[in-house]
Amino acid sequence: DAGITQSPRYKITETGRQVTLMCHQTWSHSYMFWYRQDLGHGLRLIYYSAAADITDKGEVPDGYVVSRSKTENFPLTLESATRSQTSVYFCAALPGGPETEAFFGQGTRLTVV
Amino acid sequence: GIQVEQSPPDLILQEGANSTLRCNFSDSVNNLQWFHQNPWGQLINLFYIPSGTKQNGRLSATTVATERYSLLYISSSQTTDSGVYFCAAHAGGTSYGKLTFGQGTILTVHP
């Protein structure tokens, strides 16, 4: 089935640990995005990617790293997790190009203790 | 960048009532979407509507791009309509489809 999936759905990690959130989409060539959702801030863009090996920072990129070696995958890595990174993370894709409908994954709820 | 503002921030309804949610944006848009975030946290696509009017069952949306606003209408509301409604906009240019979200409208429908 075509779509976008995130894993894991829930994750608890300790401060200072590295953690990677996975995002996979089946539309092949697609713009992809990572957002975080926090109370009082809505959804804010962390990083985005126009294609394989093309990534750029969004509004809140500090503490995060992304890669896109394959067009269908867009992992988000927290190199040294902090409590302020406790959030719900959403991956999104625009399979039809930048001026088309966006689709979101189910979200990953990350807790840093 | 583009600014997106939604109103009202909170809305409480009795089942069967109608409601209108508003989204104002600060620039011309190439993409305007409405989402419903259900109580399980999922973001459900409601409308992709950079301009014009669309309807889907009890829900409809209108975007007046020249006046920089969009409206989401919910008729005969049901308890399952509860949740947070977001609008999100993309201003075009070289922004690679990045959506900017409003703060959302929290809708509660009581039986």
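Residues numbered from 1 in each chain as written. Chains lettered and ligands numbered in written order. Predicted model: local features only at pLDDT ≥ 70, side-chain atom pairs only at ≥ 80, totals over all residues. Heavy atoms only, no water.

A.B. asks: Please explain the pattern of salt bridges as it appears in this structure.
C.D. replies: Opposite charge on two side chains allows them to pair when their charged atoms are near. Residues and elements named next belong to chain A. Under the defined criterion, the tally for this structure stands at four salt bridges over all chains. Salt-bridge contacts for Glu14 lead to Arg17; the nearest nitrogen and oxygen are separated by 3.3 Å. Three or more residues joined by partner-sharing salt bridges are found here, namely Arg36, Asp38 and Arg44. (Salt bridge = Lys/Arg side-chain N within 4 Å of Asp/Glu carboxyl O.)

A.B. asks: Is there a simple way to explain the sheet that holds strand E8 (residues 76-78) of chain A in this structure?
C.D. replies: Strand pairs in the sheet, formed through backbone hydrogen bonds, run parallel or antiparallel to each other. All names here are of chain A. Reading across from one edge, E1-E3-E8-E7 is the order of the four strands in this open sheet, with antiparallel pairing throughout. Since the sheet does not close on itself, it has two edges, and those belong to strand E1 (4-7) and strand E7 (64-66), each with one partner. Taking each pair of neighbouring strands and ignoring which way they run, the sheet shows an average axis angle of 20 degrees. Looking at chain direction, E1 and strand E3 (residues 19-25) are connected through four bridges and run antiparallel. Looking at the pairing, Ser7 lines up with Met22 of E3. (Pairing = 2+ DSSP bridges. Helix = DSSP H or I, 4+ residues; strand = E, 2+ residues; numbered from the N terminus. Axes fitted to C-alpha atoms, helices over the stretch in contact; angles between N-to-C directions.)

A.B. asks: Explanation requested: the sheet that holds strand E7 (residues 59-64) of chain B in the structure shown.
C.D. replies: Residues and elements named next belong to chain B. Taken in spatial order, the five strands make up an open sheet running E1-E3-E8-E7-E6, and their pairing is antiparallel. Two strands lie at the open edges of the sheet, namely strand E1 (4-7) and strand E6 (52-56), each paired on one side alone. In this sheet, adjacent strand axes meet at a mean angle of 15 degrees when their direction is disregarded. Strand direction decides the pairing type here: E6 and E7, joined by five bridges, are antiparallel. The residue bridging Asn56 from the neighbouring strand is Leu59, located in E7.

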